[in-house]
Amino acid sequence: MDEVTFRSDTVLSDIHMHVPSKRHLMVRLNTAGQPVFLSQFKLLLSKSRRKLEKKEKDFKKQDAKCRQTYGKKLEEEEEGKQNDSAGERKAPEGIEALLDEDGDLEVVRKPRLPSEEAEDLSRDKVCPIILTKGRDVLEEEEHEDKSCDVIKIEHTMATPLEDVGKQVWRGAFLLVDYILSERDLFKDCTVLELGGGTGIVSIAMATAAKTVYCTDIGEDLLDTCKRNVALNKHLSEPAGSKVKVRMLDWLRDEFCTDPDIRYSWSDQEIAELHDLTTVILAADVFYDDDLTDAFFRTLYRITHNLKKPCSVYLSIEKRLNFSLRHMDVACEAYSHFRDTLNDLANIRDGKMRYYVEPLGLSFPQHIVYERVEQLELWKITASSDL
Ligand SMILES: C[S@@+](CC[C@H](N)C(=O)[O-])C[C@H]1O[C@@H](n2cnc3c(N)ncnc32)[C@H](O)[C@@H]1O
């Protein structure tokens, strides 16, 4: 595949915003005939993170020095101007110091932000690495030495809107960062992820939690998710945890328990989910108002049936779109999400209470990506009101 072809309903996550180079080969076609790529997302271990943080610090020092020098020069220039107007025609020293021997102005460049460098790095790291043609990646991986600081994800590139789960979205990276920063919070927990897509968030969660139910819809997507879970056993096995890939459709009121349908639930799993779950996750699932409503109905139904209080973590990227209705740039999906969050916080039905709060994003980055300011993380604490 030399270039990505876009249709009017095609979407491409920024994470995959690269045309694969000609020498690369995709790993396979999925059952929908879409090319599948394998990307390796390197986890920044504390050593590499410390390096990035040190660079950030050095940058700030350099930047402050730069500003000081500029400030001084500007002050001197200002003084020079005043002297000029007072009739003393003297070249301002500050300006002279900025000229080279030929009299050309030497522009002192601001040092590059480490995050700008990280962005460059991310463009290398996040770009799909395409493996050998015709051989099964899982088989190949079995023989390979597993590096425990890499998450391997199979995904497609540009997809129609109904297949967005086959790509990785930035909100997933934000949630992965939070999980890896707060691993102790999730140790030995039972966790449910809604709209898990490729499974990257559940896979990260499995480095701490005991059981993770990664749920979504569509056999093809659930197959990809299951493959990704298998590709990343090196991350879950040391923690002794398991990721179970299951079907959970927000547009249906019940769990699918039909044994003839793949990814359906056993009665025991449903009972365990209700008895043990204390954490629910969802990354980047608020892009369509009807689906957002369906998501929150599902969230209410599940949390209402849980035996224990539960923390819900939701990541979202506030996307700006031109809206014909407003004749301006608006984030309608985001506004609807916020309205629905408000409604949830205001529920007073005598059954459930929801406490909603935004979380600060000062936790470190564990994956190299652009943590844009439109990213947000919300926490909901759900408990019974009885
Ligand atoms: C933008 S993707 C996000 C995927 C993944 N969480 C990530 O951030 O990479 C939205 C996800 O919501 C899922 N979804 C959409 N409608 C759904 C429904 N009715 N029930 C369950 N999941 C649904 C999609 O299949 C998709 O995986």
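See the structure above.
Everything numeric in this text was worked out from a predicted model, so none of it was measured.

Parameters at a glance
Residues numbered from 1 in each chain as written. Predicted model: local features only at pLDDT ≥ 70, side-chain atom pairs only at ≥ 80, totals over all residues. Heavy atoms only, no water. Helix = DSSP H or I, 4+ residues; strand = E, 2+ residues; numbered from the N terminus. Buried < 20%, exposed > 50% of the residue type's maximum accessible area, 1.4 Å probe, protein only. Contact = heavy atoms within 4.5 Å. Areas by Shrake-Rupley, 256 points an atom, 1.4 Å probe, with all protein chains shown as cover. Phe/Tyr/Trp six-rings, centres within 6.5 Å; stacked < 30°, edge-to-face > 60°. Disulfide = S-S within 2.5 Å. Pairing = 2+ DSSP bridges. Core = buried A, V, L, I, M, F, W, Y, C linked by side-chain atoms within 4.5 Å. Polar contact = N/O pair within 3.5 Å; in protein donor to acceptor, adjacent residues only side chain to side chain. Expected span 1.5 Å × (residues − 1). Arc of directions from axis to C-beta. Axes fitted to C-alpha atoms, helices over the stretch in contact; angles between N-to-C directions. Salt bridge = Lys/Arg side-chain N within 4 Å of Asp/Glu carboxyl O.

(A) Main features of the overall build of the chain. Counting its secondary structure elements, the chain contains twelve helices and 14 strands. Burial status across the chain gives 46% buried among its 386 residues. Sequence separation of 24 or more characterises 74% of the internal contacts of the chain that already satisfy a separation of 6 or more. By element, 49% of the accessible surface of the chain is carried by carbon and sulfur atoms, the whole surface being about 21200 Å².

(B) Structural context of the packing of aromatic side chains. Under the counting rule described, the total for this entry stands at 17 aromatic pairs. Their ring planes at 45 degrees and their centres at 6.3 Å tell us that Y334 and F337 sit as a pair that is tilted. Of this pair, Y334 and F337 both sit in helix α12 (residues 332-345), separated by three residues, roughly a single helical turn. What makes F337 buried here is its relative accessible area of 0%.

(C) A look at the state of the cysteines. Using the criterion set out here, one finds zero disulfides in the structure. Cysteine C310 shares no disulfide, and the gap to the nearest cysteine sulfur, in C189, comes to 9.5 Å. The class for C310 is buried, based on a relative accessible area of 2%.

(D) Spotlight on the pairing of strand β8 (residues 242-247). With respect to burial, β8 is a largely interior element, five of its six residues being buried. In this sheet, β8 lies alongside strand β7 (residues 211-216) in parallel orientation, the contact comprising six bridges. Residue pairing in the sheet places C214 in a bridge with V245 of β8.

(E) Structural view of the nonpolar core. I200, V201, M205 and L281 are the most contacted members of the largest nonpolar core, which totals 47 residues. A total of eight residues in this core trace back to one element, the largest contributor, which is helix α5 (residues 170-181). Excluding residues that lie within four positions of it along the chain, L281 makes contacts with L175, I179, V191, L192, E193, L194, V201, M205 and Y313. Listed in part, the 34 residues of the second largest apolar core include A294, Y300, V312 and I316.

(F) Expanded view of the side chain of R170. One can find R170 in helix α5. Here D14 takes part through its side chain, which lies 2.6 Å from a polar atom of the side chain of R170. Not counting the four nearest positions on each side in its chain, R170 is found in contact with D14, I15, D284, E317, Y369, E370, V372 and L375.

(G) Geometry of the side chain of D220. Tracing the sequence through the fold places D220 in helix α8 (residues 219-231). Among the polar contacts listed, one links the side chain of D220 to the side chain of K166, at a separation of 2.9 Å. Sequence-distant contacts of D220, defined by excluding residues within four places in its chain, comprise N30, T31, A32, Q34 and K166.

(H) Molecular detail of α12. Taking 1.5 Å as the rise per residue, α12 with 14 residues should run 20 Å; its terminal C-alpha atoms sit 20 Å apart, in good agreement. Along α12, the residues classified as buried are Y334, H336, F337, T340, L341 and L344. Seen along its axis, α12 keeps its buried residues to an arc of 160 degrees; they face one direction. Residues of α12 that are buried make contact with α11 (289-305), β10 (310-317), β13 (352-359) and β14 (375-384).

(I) Spotlight on the sheet that holds strand β2 (residues 28-29). Strand order in the open sheet formed by three strands is β2-β3-β4, with antiparallel pairing between adjacent strands. Of all strands in the sheet, those bounded by a partner on one side alone are β2 and β4 (150-156). As paired strands, β2 and strand β3 (residues 35-42) are joined by two bridges and run antiparallel to one another. Residue pairing across strands places R28 opposite V36, the latter belonging to β3. Against the sheet, α8 makes contact with β2, β3 and β4, and its axis sits at roughly 160 degrees relative to β4, the strand it touches most.

(J) Region of interest: the pattern of salt bridges. Under the definition given, this model contains 17 salt bridges. For R28, the salt bridge goes to E154, with nearest N and O atoms at 2.6 Å. Residue R28 is located in strand β2, and its partner E154 is located in strand β4; the two are separated by 126 residues in the primary sequence. What makes E154 buried here is its relative accessible area of 0%. Across the pair E219 and R262 runs a salt bridge, and its minimum N-O distance is 2.9 Å. Linking E219 in helix α8 with R262 in the loop between β8 and α10 (267-276), this pair joins segments that are 43 residues apart in sequence. Within the structure, one salt-bridge network assembled from shared partners comprises D14, R170, D284, E317 and R319.

None of the figures reported here should be taken as evidence of function without further support.
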